[in-house]
Amino acid sequence: MTRADDAILEFLLNEGNRQLIATPGVIEVNIGYTLSTVNQRLRKLKSAGLVEYHDEERGMYELTKKGSAYLAGEIKAEDLTLEENLS
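Residues numbered from 1 in each chain as written. Predicted model: local features only at pLDDT ≥ 70, side-chain atom pairs only at ≥ 80, totals over all residues. Heavy atoms only, no water.

A. How the structure looks around the overall build of the protein. Looking only at helices and strands, one finds 4 helices and 3 strands in the protein. Put simply, the protein runs from its N terminus to its C terminus through helices and strands in the order α-β-α-α-β-β-α. Based on the C-alpha atoms only, the size of the protein along its principal axes is roughly 30 × 30 × 25 Å. Looking at the protein as a whole, 33% of its 87 residues qualify as buried. A sequence separation of at least 24 residues applies to 49% of the contacts in the protein between residues at least 6 apart. When the accessible surface of the protein is totalled, it reaches about 5,200 Å², and 44% of it is carbon and sulfur. If you average the places of the 10 positive and of the 15 negative side-chain charges in the protein, the two averages end up 2 Å apart. (Helix = DSSP H or I, 4+ residues; strand = E, 2+ residues; numbered from the N terminus. Buried < 20%, exposed > 50% of the residue type's maximum accessible area, 1.4 Å probe, protein only. Contact = heavy atoms within 4.5 Å. Areas by Shrake-Rupley, 256 points an atom, 1.4 Å probe, with all protein chains shown as cover. Lys, Arg positive; Asp, Glu negative; His and termini not counted. Charge placed at Lys NZ, Arg CZ, Asp CG, Glu CD.)

And the structure:
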């Protein structure tokens, strides 16, 4: 997992509020990573089951239960089945 991965997941979690649904562009302007980095990391996070499409046609992502569990510390990065694809 990279710092960008954590930033993306934490942004979508929107702690203390309702979880967000966002496009890569909205995520990019809110977390300070380039759009290309956000797109690359979202693909990796999706393949690991941490995010999923809310609306694939519109490119909107949301956090999964697995992503929430990771942020809560219930799943360690090394326990992710596709960890090798997250680097």
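More follows now that the structure is in view.
B. Structural detail: unusual backbone geometry. Here the phi dihedral of asparagine 14 falls at roughly 55°; this positive angle occurs in a residue that is not glycine. Within the element layout of this structure, asparagine 14 appears in the loop between helix H1 (3–13) and strand E1 (21–22).

C. Up close: helix H2 (residues 24–31). Of the positions making up H2, those classed as buried are Pro24, Ile27 and Ile31. Buried residues of H2, seen end-on, are gathered within an arc of 60° and therefore sit on one face of the element. Packed against the buried residues of H2 are H1, E1, helix H3 (35–47) and strand E3 (60–63). (Arc of directions from axis to C-beta.)

D. Representation of the pattern of salt bridges. Inspection of the entire model under this criterion finds 2 salt bridges. The salt bridge involving aspartate 5 is made with arginine 41; its shortest N-O contact spans 2.7 Å. Here arginine 41 lies in helix H3 and aspartate 5 lies in helix H1, a separation of 36 residues in the sequence. Classification of arginine 41 by relative accessible area gives buried; the value is 5%. (Salt bridge = Lys/Arg side-chain N within 4 Å of Asp/Glu carboxyl O.)

E. The sheet that holds strand E2 (residues 51–55), seen in detail. Read from one edge to the other, the open sheet built from 3 strands follows the order E1-E3-E2, with strand pairing classed as antiparallel. At either margin of the open sheet sits one strand with a lone partner, and together these are E1 and E2. Pairing of E1 with E3 involves 2 bridges; the strand directions are antiparallel. Within the sheet, the bridge partner assigned to alanine 22 lies in E3 and is tyrosine 61. Contacting E1, E2 and E3, H1 runs over the sheet at an angle of about 85° to E3. (Pairing = 2+ DSSP bridges. Axes fitted to C-alpha atoms, helices over the stretch in contact; angles between N-to-C directions.)

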